[in-house]
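Each chain, letter by letter, is given below.
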2 protein chains.
Amino acid sequence: MGKAPTKPVSGMRDHLPAAALTRREAFRRVEAAFAAHGFVPLETPAMERLSTLLGKYGEEGDQLIYRVLHRGERLARALGREPVEPGDLSELGLRYDLTVPLARVTAEYRAQLPPVFRRYQIQSVWRADRAQRGRFREFTQCDADIVGSSSLVADAEALVVLHAALAALGFSDFTILLNHRELLRALIAASGIPAQSEQETLVVLDKMGKIGREAVASELGGLAAVGPDRARRLLELVPGAAEDRDGDLDRLRDLGRALPEGPGRSAASDLVELFDALDGALGEAAPVRFAPSLARGLSYYTGPIFEVVAAGGAGSLAGGGRYDGLVGMFSGRATPAVGFSLGMERILMLLEEGGAFSAEGSAPQAMLCPLPGIAIRDTLRVARTLRAAGVRLDVQVDSLKLGKQLGRAAAAGVRFALILGEQELDGDCCTVRNLESGEQRSVPLADVPATLQS
Amino acid sequence: MGKAPTKPVSGMRDHLPAAALTRREAFRRVEAAFAAHGFVPLETPAMERLSTLLGKYGEEGDQLIYRVLHRGERLARALGREPVEPGDLSELGLRYDLTVPLARVTAEYRAQLPPVFRRYQIQSVWRADRAQRGRFREFTQCDADIVGSSSLVADAEALVVLHAALAALGFSDFTILLNHRELLRALIAASGIPAQSEQETLVVLDKMGKIGREAVASELGGLAAVGPDRARRLLELVPGAAEDRDGDLDRLRDLGRALPEGPGRSAASDLVELFDALDGALGEAAPVRFAPSLARGLSYYTGPIFEVVAAGGAGSLAGGGRYDGLVGMFSGRATPAVGFSLGMERILMLLEEGGAFSAEGSAPQAMLCPLPGIAIRDTLRVARTLRAAGVRLDVQVDSLKLGKQLGRAAAAGVRFALILGEQELDGDCCTVRNLESGEQRSVPLADVPATLQS
């Protein structure tokens with residue numbers, strides 16, 4: 001068996017300790033931010049019925065769902081038929097996102113859940129996508145949603161917790177781009193584009209930041225249901241981004257005045273109110289901007305939509321919005337909701353590259369290196385004392401000369417070796433050696449934690 | 001779609017917030033204990049090649065592996081053949097345990113891992129087992145292992161971190177039962193039972209605690225390769241449990257003297273040394289006992305074996321031992337290892353029943369209830385102040401009368417409602433209402449955290 005392939009399967013990753021420490025520390029911080037804002041965790045099974053999953057992610061999505069093969073008699077029966085039908089081979093699939101499970105859970109446990117449910121969910125999802133750089137077939141999704149209220153306070157709170165989660169991860173320079181689906185719909189209608197072409201129009205409009213106004217105009221003009229005239233009219237109605245916050249508010253008030261009474265005008269005034277709420281929630285310097293052409297491709301959004309972009313072109317860190325039609329899909333009850341996904345896989349890449357983030361707080365600090373001849377019970381007694389004092393301590397387990405032991409300590413990635421010989425044992429101390437500088441000195445056991453800190 | 005089934009799939013569970021909070025807090029504590037002992041995390045994909053998984057868990061295990069169906073052209077090709085071969089339908093399966101992935105990882109990344117690798121892994125595994133009470137098809141496995149050393153210090157350290165993890169979970173009354181595979185093998189050989197019947201003999205012997213000596217004798221006597229005489233002889237050689245620790249050590253020394261020079265005698269003296277080491281590591285009152293008939297069914301153990309039982313018959317909390325032949329299965333290099341699995345699903349059941357454990361530290365503490373007319377920006381400004389001071393705070397988002405708001409707060413499971421009206425806003429305070437007692441009083445915002453604690 002010596003030559004069996006040992007790489008992880010295509011599109012999936014092993015996270016070795018250094019990466020896994022960073023991941024776990026990042027998720028711990030995000031969870032703490034969620035908890036501080038009254039969000040509680042939900043966990044659902046990796047598998048769902050195919051009947052639950054299929055038809056929720058479009059035709060392309062259906063193709064990307066991993067299906068679990070029947071076993072035993074059930075499989076034999078399916079294979080006994082002619083022709084064998086693919087649909088008979090499986091009835092379970094792997095979780096594709098965390099929104100369909102949320103919808104299922106809210107339908108199943110309505111009586112046990114609060115009427116307004118702040119839930120977060122951090123679990124793996126699987127998509128049989130073409131594997132490519134930065135896109136994985138297994139990745140951790142990290143969603144927070146407020147389910148059960150259509151109040152603008154819920155939208156504001158979703159943005160507040162998103163802001164807090166990014167701050168907890170060490171991001172300080174990012175912008176929350178804000179728009180409203182109803183505002184876009186009203187502008188599209190006002191430009192004469194028929195309602196059934198709204199979705200494809202939104203998809204093109206959303207590219208503004210990437211390809212620019214000219215290219216959007218030309219792509220829109222090329223759509224059969226739009227054409228150059230309506231494209232031009234729409235781009236006259238959708239303003240460019242303003243210089244500053246005051247400009248944002250001016251544009252929103254202008255749009256509100258320009259639109260007829262209705263959902264579009266309300267949307268503009270909702271956004272003005274949301275800006276005001278966020279000033280209270282995040283402080284006057286709240287990094288929120290009106291992004292008139294932000295559309296977010298997903299068809300299910302119904303209200304405010306948002307996206308967080310990091311400074312320096314590092315791309316989108318998170319995105320979300322209000323989606324009042326989705327969570328009720330299994331319960332049959334209208335269930336308004338607003339929430340977001342943190343793009344944790346990209347965020348983790350940035351954290352690892354940036355180095356602004358350290359998981360040192362949970363990595364081992366030191367390795368205890370007993371010299372040959374020290375009794376195991378004494379080694380472990382000293383280890384116990386140090387751990388009780390808060391030192392995250394590895395113990396070198398093999399009987400080796402000091403030089404080899406120091407090599408082991410370096411290989412384990414700790415910064416300090418704590419050398420324990422007869423003399424140290426007698427004096428209730430150990431020799432603390434900094435593995436980077438090579439400096440070492442004898443330190444009483446009680447003072448070791450402080451020495452390692454300094 | 002209103003009537004689609006919304007229960008979780010058979011054998012798998014939704015963890016609603018109260019349960020999920022407990023789970024996450026429990027795993028956090030276990031992780032902190034692992035980290036304090038120099039263990040670092042590993043994460044591997046949910047899917048492995050079937051060639052990696054098959055043949056590692058026995059024939060029965062192979063049947064319990066969930067297989068992932070091919071898609072697209074690959075599936076079409078397989079279905080185009082006649083007859084359709086089940087083996088052509090799939091090449092990936094879901095993780096069945098965490099040991100095979102560990103073996104794969106140590107083979108693949110040898111140069112990146114330290115020579116002695118303390119790894120823990122906490123991830124879901126899937127087994128298509130018959131669903132029954134307390135047995136699930138998806139459950140979280142929690143393993144810690146020290147890979148790469150055959151030193152007894154590694155065995156001791158595995159027991160030390162196991163003890164610390166259970167203590168971190170709030171268990172104080174448990175016993176670590178200890179035995180040694182080589183000791184059992186020597187006793188089986190000395191009783192005249194042929195080596196090829198060793199495994200089935202161990203399986204029966206392991207039942208001693210459950211069914212008693214008489215039943216074990218009769219079951220062993222009934223095995224064709226054993227028979228009544230050898231069964232009797234073996235049970236004369238395997239002592240009963242001693243009264244106390246001193247008795248344990250006497251029995252081990254007696255066994256060491258009775259056995260001929262060889263692995264059995266060494267095993268007895270290793271256990272004596274392990275007891276001594278654990279006295280140093282855990283203190284004199286270390287809850288460790290020699291369990292002469294503890295065998296642990298799994299065939300791969302090669303050295304010390306152990307099991308932790310909770311007081312009061314609550315059963316096994318964890319089990320493990322040394323298994324020097326397994327981790328090298330993919331690398332082809334001998335790779336000694338010792339470790340254990342925490343039975344987290346049972347532990348979590350005990351924690352939930354026992355109530356000795358609280359996840360309150362991450363549940364929301366209070367709900368801010370703004371009276372009608374309070375501006376959103378003011379509500380969220382106050383929320384920001386309270387959260388910055390460390391209050392885990394939900395905010396009531398809908399415009400409701402106070403009575404309804406208090407109902408919402410109770411439904412969210414918080415203990416306090418923080419009422420915010422004009423008067424409170426002017427005075428930079430809020431009215432803190434204890435939802436259990438109904439008591440309420442006005443408290444300056446700065447004093448709210450302390451008030452909620454008391």
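None of the values given here were measured: they were computed from a predicted structure.

## With respect to the overall build of chain A
(1) Moving on: Each helix and strand counted, chain A has 17 helices and 16 strands in total.
(2) Moving on: In terms of overall size, chain A is more extended than a compact globule, its C-alpha atoms giving a radius of gyration of 28 Å where 454 residues would be expected to give roughly 22 Å.
(3) Moving on: Taking the principal axes of its C-alpha atoms as reference, chain A extends roughly 90 × 70 × 45 Å.
(4) Moving on: Counting over 454 residues, chain A shows a buried share of 58%.
(5) Moving on: Contacts in chain A between residues at least 24 apart in sequence constitute 66% of all its contacts with a sequence separation of at least 6.

## Section: the packing of aromatic side chains
Residues and elements named next belong to chain B.
(1) Moving on: According to the stated counting rule, one finds 13 aromatic pairs over all chains in the structure shown.
(2) Moving on: Taken together, a centroid distance of 6.2 Å and an interplanar angle of 40° make the contact between Phe-34 and Phe-39 tilted. Phe-39 shares its class with Phe-34; the two are buried.
(3) Moving on: Seen in terms of ring centroids, Tyr-57 and Tyr-96 are 4.2 Å apart; in terms of plane orientation they differ by 40°. Their pairing is tilted. With Tyr-57 in the loop between helix H2 (50–53) and helix H3 (58–64) and Tyr-96 in the loop between strand S4 (90–94) and helix H5 (99–108), the pair connects residues that are 39 residues apart, well separated along the chain.
(4) Moving on: Look at Tyr-96 and you get buried, because its relative accessible area is 9%.
(5) Moving on: One Lys or Arg, Arg-13, reaches over the ring of Phe-136 and ends 3.5 Å from the middle of that ring.
(6) Moving on: Residue placement shows Arg-127 over the ring face of Tyr-96; its charged tip is 4.2 Å from the ring centre.

## Quick look at the packing of helix H9 (residues 208–222) of chain B against helix H10 (residues 227–237) of chain B
When two helices pack together, their arrangement is given by the angle between their axes and by how far apart the axes lie.
(1) Moving on: Viewed as axis vectors pointing N to C, H9 of chain B and H10 of chain B meet at an angle of 145°, and their least axial separation amounts to 6 Å. For the pair H9 of chain B and H10 of chain B, contact is made by Met-208, Arg-213, Val-216, Ala-217, Leu-220 and Gly-221 of chain B and by Gly-227, Pro-228, Ala-231, Leu-234 and Leu-235 of chain B, respectively.

## So, the interface of chain B and chain A
(1) Moving on: Counting residues at the interface gives 108 residues for chain B, matched by 106 residues for chain A.
(2) Moving on: Contact between chain B and chain A buries roughly 9400 Å² in total, counting both sides, with carbon and sulfur atoms accounting for 61%.
(3) Moving on: Together, Arg-24, Glu-43 and Arg-377 of chain B form the three largest contributors to the area buried by chain B at its contact with chain A, with a combined 8%.
(4) Moving on: Put simply, chain B and chain A have 18 salt bridges between them.

## Description of the relation of the copies chain B and chain A
(1) Moving on: The operation relating chain B to chain A is a screw motion whose rotation component is 180°, with 0.0 Å of axial translation and a residual RMSD of 0.0 Å. Taken together, these values place the two copies in the relation of a two-fold axis.
(2) Moving on: Here 98% of the contact residues of chain B are again contact residues in chain A; the copies associate through an equivalent surface.

## Examining the pattern of salt bridges
Once their charged atoms are close, side chains differing in charge can pair, the charge on each being opposite to the other.
(1) Moving on: Counted by the stated rule, this structure contains 69 salt bridges over all chains.
(2) Moving on: Across the pair Glu-436 of chain A and Arg-415 of chain A runs a salt bridge whose closest N-O atoms are separated by 3.7 Å. Placement of Glu-436 of chain A in the loop between strand S15 (429–434) and strand S16 (440–444) and of Arg-415 of chain A in the loop between helix H15 (402–411) and strand S14 (416–420) is noted, with a sequence separation of 21 residues between them.
(3) Moving on: A residue is classified by how much of its surface remains accessible, and Arg-415 of chain A, at 37% relative accessible area, is partly exposed.
(4) Moving on: Because the salt bridges share partners, they merge into one network encompassing Arg-13, Arg-23, Arg-24, Glu-25, Arg-28, Arg-29 and Glu-345 of chain A together with Glu-31 and Glu-43 of chain B.

## Let's talk about the pairing of strand S9 (residues 304–310) of chain B
Residue and element names in this part refer to chain B.
(1) Moving on: Most of S9 sits out of view: 6 of its 7 residues are buried.
(2) Moving on: When strand S7 (residues 174–180) meets S9, the two strands line up antiparallel, connected through 7 bridges. Note on S9: the bridge partner recorded for His-180 is Pro-304.
(3) Moving on: Looking at chain direction, S9 and strand S10 (residues 316–322) are connected through 5 bridges and run antiparallel. The partner of Ile-305 across the bridge, within S10, is Gly-321.

## What to know about helix H14 (residues 376–388) of chain A
All names here are of chain A.
(1) Moving on: In a regular helix each residue adds 1.5 Å, so 13 residues correspond to 18 Å; H14 covers 18 Å between its end C-alpha atoms and thus fits that length.
(2) Moving on: Within H14, burial applies to Ile-376, Asp-378, Thr-379, Leu-380, Val-382, Ala-383, Leu-386 and Arg-387.
(3) Moving on: Following H14 by one or two positions, Gly-390 adopts a phi angle in the positive range, close to 100°.

## Some remarks on the sheet that holds strand S8 (residues 288–290) of chain A
All names here are of chain A.
(1) Moving on: Taken in spatial order, the 8 strands line up as S1-S5-S6-S11-S10-S9-S7-S8 in an open sheet, and their pairing is mixed. Only two strands of the sheet have a single neighbouring strand rather than two, namely strand S1 (40–41) and S8.
(2) Moving on: Bridge count for strand S7 (residues 174–180) against S8 is 3 bridges, and the pairing is parallel. Each bridged residue has a counterpart across the sheet, and for Leu-178 the counterpart in S8 is Phe-290.
(3) Moving on: Each of strand S5 (117–126) and strand S6 (138–147) touches helix H5 (residues 99–108); the most contacted strand, S6, lies at about 45° to it.

## Remarks on the environment of Asp-276 of chain B
(1) Moving on: Looking at the secondary structure, you find Asp-276 of chain B in helix H12 (residues 263–282).
(2) Moving on: Here the alpha-carbon distance between Asp-276 of chain B and Ala-156 of chain B, two residues 120 residues apart in the chain, equals 9.8 Å.

## Quick look at the side chain of Asp-394 of chain A
(1) Moving on: You can see Asp-394 of chain A is positioned in strand S13 (residues 393–395).
(2) Moving on: The exposure class assigned to Asp-394 of chain A is buried, which follows from its relative accessible area of 5%.
(3) Moving on: Reaching out from Asp-394 of chain A, the side chain makes a polar contact with the side chain of Arg-118 of chain B at a distance of 2.5 Å.
(4) Moving on: With residues up to four places along the chain from it excluded, the contact list for Asp-394 of chain A reads Ala-366, Met-367, Leu-368, Arg-387 and Ala-412 of chain A together with His-37, Gly-38 and Arg-118 of chain B.

## Concerning unusual backbone geometry
Residues and elements named next belong to chain A.
(1) Moving on: Each neighbour pair has its own omega, and for Glu-82 with Pro-83 the value is -5°, a cis peptide bond.
(2) Moving on: As for its position among the elements, Pro-83 is in the loop between helix H4 (72–80) and strand S4 (90–94).
(3) Moving on: At Asp-428, a residue that is not glycine, the phi angle is positive and equals roughly 55°.

## Quick word on the sheet that holds S13 of chain A
Across a sheet, paired strands are connected by hydrogen bonds in the backbone, their directions being either parallel or antiparallel.
All names here are of chain A.
(1) Moving on: Pairing is mixed in the open sheet, where 5 strands are placed in the order S13-S12-S14-S15-S16. If you trace the sheet from one side to the other, it starts and ends with S13 and S16, each paired once. Each strand axis lies, on average, 30° off the axis of its neighbour in the sheet, ignoring direction.
(2) Moving on: Here S14 pairs with S15 via 4 bridges, running antiparallel. Looking at the pairing, Leu-418 lines up with Val-432 of S15.
(3) Moving on: The strands that H14 touches are strand S12 (366–370), S13 and S14; relative to S13, the one it contacts most, it runs at about 170°.

## With respect to the environment of Gly-240 of chain A
Residue and element names in this part refer to chain A.
(1) Moving on: Counting through the fold element by element, Gly-240 comes out in the loop between helix H10 (227–237) and helix H11 (245–258).
(2) Moving on: Given a relative accessible area of 28%, Gly-240 falls into the partly exposed group.
(3) Moving on: For the pair Gly-240 and Asp-143, spaced 97 residues apart in sequence, the C-alpha to C-alpha distance is 30 Å.
(4) Moving on: Leave out the neighbours within four places in its chain, and Gly-240 touches Arg-213, Arg-251 and Pro-292.

## Focus: the environment of Asp-270 of chain A
Residues and elements named next belong to chain A.
(1) Moving on: Mapped onto the fold, Asp-270 is located in helix H12 (residues 263–282).
(2) Moving on: The exposure class assigned to Asp-270 is partly exposed, which follows from its relative accessible area of 28%.
(3) Moving on: Separated by 29 residues in sequence, Asp-270 and Ala-241 have C-alpha atoms that sit 18 Å apart.
(4) Moving on: Discounting chain neighbours no more than four positions away, the residues touching Asp-270 are Leu-152 and His-180.

The rules behind these values
- Residues numbered from 1 in each chain as written.
- Chains lettered and ligands numbered in written order.
- Predicted model: local features only at pLDDT ≥ 70, side-chain atom pairs only at ≥ 80, totals over all residues.
- Heavy atoms only, no water.
- Helix = DSSP H or I, 4+ residues; strand = E, 2+ residues; numbered from the N terminus.
- Rg over C-alpha atoms; globule rule 2.2 N^0.38 Å.
- Buried < 20%, exposed > 50% of the residue type's maximum accessible area, 1.4 Å probe, protein only.
- Contact = heavy atoms within 4.5 Å.
- Phe/Tyr/Trp six-rings, centres within 6.5 Å; stacked < 30°, edge-to-face > 60°.
- Lys NZ or Arg CZ within 6 Å of the ring centre and 35° of its normal.
- Axes fitted to C-alpha atoms, helices over the stretch in contact; angles between N-to-C directions.
- Buried area = accessible area lost by both parts, 1.4 Å probe.
- Salt bridge = Lys/Arg side-chain N within 4 Å of Asp/Glu carboxyl O.
- Least-squares fit on C-alpha atoms with pLDDT ≥ 70 in both.
- Pairing = 2+ DSSP bridges.
- Expected span 1.5 Å × (residues − 1).
- Polar contact = N/O pair within 3.5 Å; in protein donor to acceptor, adjacent residues only side chain to side chain.

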